[in-house]
Amino acid sequence: MAAQELKHLISEAPRVMVADGSKLVRKLIADVLARELPGVQVVGCASIAEARAALEAGSVDLVTTALSLPDGDGLELARSVREAAGQAYVPVIVVSGDAQQHLVERRFTEFVTDYFDKSLGHDALAEFIRGYVQPQPIVGATVLYIEDSRVVAEATKRMLERQQLKVIHVITAEEAFGLLTAESLGRLPDRIDLILTDVTLKGELSGRDVVERVRIDFAYGKRRLPVLVMTGDSNRHNQSELLKAGANDLVQKPIEERLLVTKVLFQLRVARLDGSRSN
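Let us look at the structure shown here. (Residues numbered from 1 in each chain as written. Predicted model: local features only at pLDDT ≥ 70, side-chain atom pairs only at ≥ 80, totals over all residues. Heavy atoms only, no water.)

### A few points about helix α8 (residues 173–184)
If you check α8, its first and last C-alpha atoms are 16 Å apart, about what twelve residues at 1.5 Å a residue would give, namely 16 Å. Among all positions of α8, only Ala-173, Ala-176, Phe-177, Leu-180, Ala-182 and Glu-183 are buried. Next to the buried residues of α8 lie β8 (142–146), β9 (166–170), β10 (194–198) and α9 (207–215). Among the residues trailing α8, Gly-186 stands out with phi positive, at a value near 75 degrees. (Helix = DSSP H or I, 4+ residues; strand = E, 2+ residues; numbered from the N terminus. Expected span 1.5 Å × (residues − 1). Buried < 20%, exposed > 50% of the residue type's maximum accessible area, 1.4 Å probe, protein only. Contact = heavy atoms within 4.5 Å.)

Following this line, the structure appears as structure tokens:
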């Protein structure tokens, strides 16, 4: 991980830019961040022009932007952040009620780090931002991890276990379904909180099959049992199909540890905000 990126990620008093054309939205987000991230400095910007001026005045640790701004769009702002001196490693998060549709249609550019669905609410947004600037472990949460390469699996397990997560590793989708069935019958000592699966697996079933069976056969919604799919396929149509099938999000391979951890912890927090799977 680059030293500049690490510095941003562990900042004790993060400086967060909030770009949104609505003064009310900027204030709501700022108030929630101030409550949830003590010491945070919020830089509110109503336009791309204001954001560019703020970037010239000093570096930030994270940028959130609406898709639509009075003088352009959030993707243009994302590019500006990347081009600003010292900002190459800063996470840029698009916040929008249409973010999921844009994600499914693969409209986001390489300048956007991640997206957030506004419908989840500002409290969830604060947790999402915390995952980038002040990541906190969710001790004891269990990840069912499906990966047929033992070398990749060992490296990825270490990433997750460093966050005090419990990892159950299996090689095939069939093994995973066996564990999910055992859990549903109360025969598994651990509750499975999240599934992380590679898209290409040994056996007859793939990562997409995992997603579809979790959503259809087991009838678990996205917030009841999050599923993250790891893929090295850059084809936007294939990525879109995985999301349409019910994946919460994708993790591009080769795996970048901080992005993987952030996505996993965020999905776990959102699931817990939504309550137990037994509800």
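Resuming the write-up.
### Focus on the side chain of Arg-215
Relative to the helices and strands, Arg-215 is located in helix α9. Only 2.8 Å separates the side chain of Arg-215 from the backbone oxygen of Tyr-220, close enough to count as a polar contact. Setting aside chain neighbours within four positions, we find Arg-215 in contact with Tyr-220, Gly-221, Lys-222, Leu-225, Pro-226, Val-227, Ala-245, Gly-246 and Asn-248. (Polar contact = N/O pair within 3.5 Å; in protein donor to acceptor, adjacent residues only side chain to side chain.)

### Some details on the sheet that holds β9
Taken together, five strands build an open sheet; the order of strands is β9-β8-β10-β11-β12 and the sheet is parallel. Looking along the sheet, the strands with just one partner apiece sit at the ends: β9 and β12 (249–252). Between one strand and the next, the sheet's axes are offset by a mean angle of 20 degrees, whatever the strand orientation. With four bridges connecting them, strand β11 (residues 227–231) and β12 associate as parallel partners. Counted as the bridge partner of Val-229 is Leu-250 from β12. Across the sheet, α8 lies against β8, β9 and β10, angled at about 155 degrees from β8, the strand it touches most. In the packing of helix α10 (residues 236–245) onto the sheet, contacts are made with β11 and β12, and the angle to β12 comes to roughly 140 degrees. (Pairing = 2+ DSSP bridges. Axes fitted to C-alpha atoms, helices over the stretch in contact; angles between N-to-C directions.)

### A look at the side chain of Asp-249
Structurally, Asp-249 is set in strand β12. Asp-249 gets classed as buried once you look at its relative accessible area, which sits at 6%. Polar contacts involving the side chain of Asp-249 include one to the side chain of Lys-263, which spans 2.8 Å.

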